[in-house]
Number of protein chains: 2
Amino acid sequence: MMETNEYDTYSCPVGKTIELISGRWKPIILYLIQHGINRFGSLQKKMPKISKKVLTEQLRDLEKQGLINRDVRVSKHPQEIFYSLTDTGLSLRELIDQIFDWGTAHLLDETSQKMAKSLMLDQAAK
Amino acid sequence: MMETNEYDTYSCPVGKTIELISGRWKPIILYLIQHGINRFGSLQKKMPKISKKVLTEQLRDLEKQGLINRDVRVSKHPQEIFYSLTDTGLSLRELIDQIFDWGTAHLLDETSQKMAKSLMLDQAAK
DNA sequence: TCAATAAGTTACCAAACAGTAACTATCAAC
DNA sequence: GTTGATAGTTACTGTTTGGTAACTTATTGA
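Note that the structure is predicted; figures quoted are calculated from it, not measured.

With 48 residues of chain B in contact, the opposing surface of chain A contributes 48 residues. Of the roughly 4700 Å² buried between chain B and chain A on both sides combined, carbon and sulfur atoms contribute 69%. Linking chain B to chain A there are two salt bridges. A salt bridge links Lys49 of chain B to Asp8 of chain A, with the shortest nitrogen-to-oxygen separation between them at 3.0 Å. Where chain B meets chain A, there are 10 residue pairs in polar contact (both at pLDDT 80 or more). Among the elements of the structure, α1 (13-21), α2 (26-34), α5 (87-106) and α6 (110-124) of chain B are those that each provide at least two residues to the side of chain B that touches chain A. When residues of the side of chain B that touches chain A are assigned to their parent elements, the largest contribution, 12 residues, is made by α5 of chain B. For the side of chain B that touches chain A, a count of residues per class yields 25 nonpolar, 14 polar and nine charged.

Structure follows, in C-alpha cells:
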C-alpha cells in the first residue's frame, strides 16, 4: 500500500463539508429554514444578534453552495422573499442532527444543555 | 410552545462541535493520529503544505479541547513526543467518518473523489 | 405626499486565522 | 566542539470573517 500518501485540505471531503456549514450562523439558519422560518425578517427576529449584512452574506453563501433556494414573490405588496432547503440542504440537515447529538452528549455546560433541551423538544415534535 | 425562542451561536451545540474541528487541518490530523501517524515529524511529512507553526498551534488546540494526548518520552536520544486520541477524540472520529461519507456522496469533483477512494481503502482495512 | 415595511447595500473597522522565514533548545554521536 | 535530528518558537505579514451604523429601493396604504 502507498506509504507516500500526502494529505491536503483542498482534497479532503471532511474539510469541504465543514466549510459548507462553518459560517458562524449557518447551522442555525439551516435549522430555522427547515422549521418554516423562511423570511429575511423572521430569521432576523429569531437571531437578534446577527446583523443584516452578515445574514445576507450567509444566505447568499448557502444559495451559492446549493443548500437553499431563494424565491421572490413579486406579486405582493412590498416584495416578499422566501427561503427553503434544497434536497442537498435537507440531507445536510440530517448530518447536522448527528453533529447536534454528538455535541449535546459531549459538551456539557449549562447554557448549551438548556438550549439542547429546548431544541430536542422541537425535534421530537417533528 | 415558546414562540419567542432566540438563537445564538454561543448556545448551539452544532456550532461548538464544528469549532472543535474547524481548524484548517484538524480533521486530517485526527485522522492521521488515529492511523498511527503520531509524531510531529511524521505528521509534517504526511501534510507537506502545513507549516511547523500551524501544526503546533492545531496540536495544542486539540490537546486543550481534550481530543488528543501529548506524551513525552524523555528517556530517548532527542526527546520523542507521541500524540494519541483521547476517548472523546475517538468518538469524534466516528462522527467525522459520517461527515466524510456525506461529503464523498455529495461533493463530486475529481480531486476529492480520488482522495475519497484512497481513504476508503484505508477505512475498509480498519 | 409621506410614513411604514421588507429586504437589503455600502463604507469602514477589528479580531481571528493562516502563512513564511529565520531562530532556538536539547541531546547524542562523531 | 561541531553536526544532525526532533520539536518546536518568534516576528512579521496578509487574508478572511464578523460586526456597526447609516443609507437605499420598491411598494402600499393613510
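Still more ground to cover, so stick around.
Residues and elements named next belong to chain A. Among the six residues of strand β2 (residues 80-85), five are classified as buried, and the element is accordingly described as predominantly covered. Relative to β2, strand β1 (residues 68-73) runs antiparallel, the two being bridged by six bridges. What sits directly across from Arg70, in β2, is Tyr83.

So, about the protein's contact with DNA strand C. What surrounds DNA strand C is a group of 19 residues, the closest being Arg39, Arg60, Arg70 and Tyr83 of chain A together with Lys53 of chain B. For DNA strand C, the fraction of protein-proximal atoms (within 4 Å) that sit in sugar or phosphate groups is 60%. Here a phosphate oxygen of DNA strand C and a side-chain polar atom of Arg60 of chain A are 2.8 Å apart. Between DNA strand C and the protein, one listed contact pairs a phosphate oxygen with a side-chain N or O atom of Gln58 of chain B at 3.4 Å.

Next up on the list: the relation of the copies chain B and chain A. With an axial shift of 0.0 Å and an RMSD of 0.0 Å, the rotation relating chain B to chain A amounts to 180°. What the superposition gives is, in effect, a two-fold axis relating one chain to the other. Here 100% of the contact residues of chain B are again contact residues in chain A; the copies associate through an equivalent surface.

All names here are of chain B. α2 sits mainly inside the fold: eight of its nine residues count as buried. Among all positions of α2, only Lys26, Pro27, Ile28, Ile29, Leu30, Tyr31, Leu32 and Ile33 are buried. Taken from the residues just after α2, Gly36 is the one with a positive phi, measuring 85°.

Quick look at the protein's contact with DNA strand D now. Taken together, 21 residues are adjacent to DNA strand D, and Arg24 and Lys53 of chain A together with Arg39, Arg70 and Tyr83 of chain B come closest. Close to the protein, within 4 Å, the atoms of DNA strand D are drawn from sugar and phosphate at a rate of 62%. Arg24 of chain A places a polar main-chain atom, nitrogen or oxygen, 2.8 Å from a phosphate oxygen of DNA strand D. Among the secondary structure elements, those contributing two or more residues to the surface near DNA strand D are α4 (52-64) of chain A together with α3 (40-46), α4 (52-64) and β2 (80-85) of chain B. Here the residues of the surface near DNA strand D are counted per class, giving six nonpolar, seven polar and eight charged.

What counts and what doesn't
Residues numbered from 1 in each chain as written. Chains lettered and ligands numbered in written order. Predicted model: local features only at pLDDT ≥ 70, side-chain atom pairs only at ≥ 80, totals over all residues. Heavy atoms only, no water. Contact = heavy atoms within 4.5 Å. Buried area = accessible area lost by both parts, 1.4 Å probe. Salt bridge = Lys/Arg side-chain N within 4 Å of Asp/Glu carboxyl O. Polar contact = N/O pair within 3.5 Å; in protein donor to acceptor, adjacent residues only side chain to side chain. Helix = DSSP H or I, 4+ residues; strand = E, 2+ residues; numbered from the N terminus. Nonpolar A, V, L, I, M, F, W, Y, C, P; charged D, E, K, R; others polar. Buried < 20%, exposed > 50% of the residue type's maximum accessible area, 1.4 Å probe, protein only. Pairing = 2+ DSSP bridges. Near = heavy atom within 4 Å. Least-squares fit on C-alpha atoms with pLDDT ≥ 70 in both.

Honestly, that's just the spatial picture; any functional story needs more than this.
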